[in-house]
Amino acid sequence: MDKKATGLRGRDLLSMADLSPGELDLVLREALMFKESLRRGQVEPSLRGKLVALIFQKPSTRTRVSFEAAVHHLGGKPVVLNASDIQLGRGETVSDTGKVLSRYVHAIALRTFAQEEVEELARAAEVPVINALTDLEHPCQVLADLLTIRERFGKLAGIRLAYLGDGNNVANSLALGCALAGMRYTAACPPGYEPDAGVLSMARKLAGEETIRVVNDPREAVRGSQVIYTDVWVSMGQEDTPRRRNDLAPYQLNRELLEAADEEAVVMHCLPAHRGEEITDEVLDGPRSVVWDQAENRMHAQAALLRLLV
Ligand code: CP
Ligand code: NVA
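In this numbering scheme, every chain counts its residues from 1 along its sequence in written order. Chains and ligands are labelled sequentially in the order written, the chains with letters from A and the ligands with numbers from 1. Only residues with pLDDT of 70 or above have their local features reported here, since the model is predicted, and side-chain atom pairs are shown and tallied only from 80 upward, although totals for entire chains, interfaces and linings are computed over all residues. Heavy atoms throughout the structure, all of them, feed into the side-chain values; hydrogens and water do not.

Asks: Please clarify how the overall build of the chain should be interpreted in this entry.
Replies: Check the secondary structure of the chain and you find twelve helices and nine strands. In summary, the chain has a C-alpha radius of gyration of 19 Å against a globular reference of 19 Å for 310 residues, a match within 12%. By its C-alpha atoms, the chain is 55 × 45 × 35 Å across when sized along the principal axes. The proportion of buried residues among the 310 residues of the chain is 56%. For this analysis, residues touch if any pair of their heavy atoms sits within 4.5 Å. Within the chain, residue pairs in contact and separated by at least 24 positions form 75% of the contacts whose partners lie at least 6 positions apart. Here the accessible surface of atoms and residues is derived via Shrake-Rupley with a 1.4 Å probe, and residues count as covered only by protein chains that are part of the display. Within the structure as shown, the chain displays about 13100 Å² of accessible surface, and the carbon and sulfur contribution to it stands at 48%. Treating the 37 positive side-chain charges of the chain as one cloud and the 44 negative ones as another, the clouds have centres 5 Å apart. Starting at the N terminus, helices and strands are each numbered in turn, a helix being any DSSP run of H or I of at least four residues and a strand any DSSP run of E of at least two. In this setup the radius of gyration rests on C-alpha atoms only. A globule is expected at 2.2 Å times the number of residues raised to 0.38. Exposure categories follow from relative accessible area, calculated using a 1.4 Å probe and restricted to protein chains: below 20% of the type maximum is buried, above 50% is exposed, and the middle band is partly exposed. The charge count includes Lys and Arg as positive and Asp and Glu as negative, but it does not include His or the ends of the chains. Lys charges are placed at NZ, Arg charges at CZ, Asp charges at CG and Glu charges at CD.

Pasting the structure below:
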């Protein structure tokens with residue numbers, strides 16, 4: 001389907017790798033401008049008269065509400081569709097759903113399981129499609145994360161990020177995001193829990209072997225890092241087993257581990273957190289934590305994205 005893209009307009013965001021370094025920078029600058037204009041109460045209603053469908057095949061708090069809020073602030077109307085309420089949940093194909101929704105709405109965000117489903121939707125839809133989380137990637141999260149890091153440190157290039165625990169969708173999109181932004185990424189994961197091999201090789205192609213690292217020792221990853229990031233041990237759709245928890249237990253982000261980080265280091269988590277598992281209360285609620293800014297920035301980053309794509 002020819003979506004007649006010019007610049008970012010008309011494009012899809014299915015993976016962080018869909019953005020060039022320059023386009024990532026553009027989205028982040030637009031997000032900062034949106035944030036400032038919202039603060040001044042002077043948002044330009046660039047989605048006036050436009051609808052954005054938000055389809056969820058998995059639960060969501062932040063993604064759902066931050067997208068709804070962003071569309072609202074831009075003067076458009078969000079249409080939230082839980083898969084169980086629409087025919088998609090009864091076997092209508094993703095591609096038929098995309099063709100039909102394209103006749104009503106101006107963009108579609110989809111949260112689902114397989115990355116192939118957002119790809120199928122994007123092929124069928126005539127409007128921009130946004131990945132609102134798949135098993136492989138969570139690009140909207142990482143846009144907000146990079147925005148948060150940029151606000152904190154005034155730059156992205158050269159910042160060292162350590163990711164601890166399960167090499168999941170968030171870990172994958174972070175690897176690509178760090179590669180695009182000129183950051184250094186070290187994931188510390190138990191053997192067998194590494195980020196996706198295809199994603200890692202793409203990130204390394206973008207940024208070089210030395211910049212995107214995977215290690216087993218959490219202290220090695222944390223040492224000298226300015227951003228310490230973790231996420232749940234059991235992602236939506238994964239099986240929760242005692243073995244999994246046992247394997248991931250040494251990667252808990254706690255005070256002792258945080259002491260090995262850079263003095264200025266901030267703590268990040270995409271949320272929802274499982275307190276007492278991958279992160280302690282003390283660290284999540286402590287002075288280094290920027291998790292609430294991160295959650296807020298979801299709205300600003302997605303507003304910027306919608307403004308540029310739609
Ligand atoms: N971080 C994030 O995507 O949260 P939700 O699952 O609540 O949308
Ligand atoms: N990795 C988590 C992120 C939730 C926002 C999951 O996929 O469940």
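Asks: Explanation requested: unusual backbone geometry in the structure shown.
Replies: The general pattern is negative phi for most residues beyond glycine and trans for most peptide bonds. Of the consecutive residues Leu 271 and Pro 272, the connecting peptide bond is found in the cis state with omega at 5°. Its place among the elements puts Pro 272 in the loop between β9 (266-269) and α11 (281-284). At Leu 133, a residue that is not glycine, the phi angle is positive and equals roughly 115°. Here Leu 133 shows up in the loop between β4 (129-131) and α5 (139-153). A residue is classified by how much of its surface remains accessible, and Leu 133, at 5% relative accessible area, is buried. Not every positive phi belongs to a glycine, and Leu 271 is a case in point at roughly 65°. Among the structural elements, Leu 271 can be located in the loop between β9 and α11.

Asks: Teacher, can you tell me more about the sheet that holds β9 here?
Replies: Strand pairing in a sheet is mediated by backbone hydrogen bonds. Such pairs are either parallel or antiparallel. Whether two strands pair depends on DSSP finding at least two bridges between them. Across the sheet, five strands lie side by side as β7-β6-β5-β8-β9; this open sheet has parallel pairing. Taken across any chain shown, the strands that pair with only one partner, and hence form the sheet edges, are β7 (212-215) and β9. Neighbour to neighbour, the strand axes of the sheet diverge by 20° on average, direction disregarded. As paired strands, strand β8 (residues 227-230) and β9 are joined by four bridges and run parallel to one another. Axes here refer to lines fitted to C-alpha atoms; in helices the fit is confined to the stretch in contact. Angles between the N-to-C directions go from 0 to 180 degrees.

Asks: What is the right way to look at the packing of aromatic side chains in this model?
Replies: Ring pairs (aromatic) are described by centroid distance and by the angle formed between their planes. A pair of Phe, Tyr and Trp rings is counted when the ring centres sit within 6.5 Å of each other, with Trp represented by its six-membered ring. The angle between the planes then sorts it: under 30 degrees is stacked, over 60 is edge-to-face, the rest tilted. One pass over the full model with this rule turns up one aromatic pair. By definition here, charges over rings are those cases where NZ of Lys or CZ of Arg is within 6 Å of the ring centre and within 35 degrees of the ring normal. For Lys 58, the ring lying beneath its charged end belongs to Phe 113, and the centroid distance is 4.7 Å.

Asks: What exactly am I supposed to notice about the environment of Ala 181 here?
Replies: Locating Ala 181 in the fold gives a position in helix α6 (residues 169-181). A relative accessible area of 14% places Ala 181 in the buried class.

Asks: When you look at helix α1 (residues 21-40) in this model, what are you seeing that I'm missing?
Replies: Three- or four-residue spacings in an α-helix give side chains the same orientation, since the helix completes a turn every 3.6 residues. A helix's residues, less one, multiplied by 1.5 Å, set its expected span. Between its first and last C-alpha, α1 extends 29 Å over 20 residues, near the 28 Å set by a 1.5 Å rise per residue. If you follow the buried residues of α1, they end up packed against α2 (62-73), α5, α6 and α12 (291-309). Once α1 finishes, Gly 41 follows within two positions and takes phi at roughly 70°, a positive value.

Asks: Explain the environment of Leu 180 here, please?
Replies: Following the sequence through the fold, Leu 180 ends up in helix α6. In this structure Leu 180 comes out as buried when scored by relative accessible area, which is 7%. Placed 158 residues apart in sequence, Leu 180 and Gly 22 show a C-alpha to C-alpha distance of 8.6 Å. Look past the residues within four positions of Leu 180 in its chain and what remains in contact with it is Met 16, Leu 19, Ser 20, Pro 21, Leu 24 and Leu 206.

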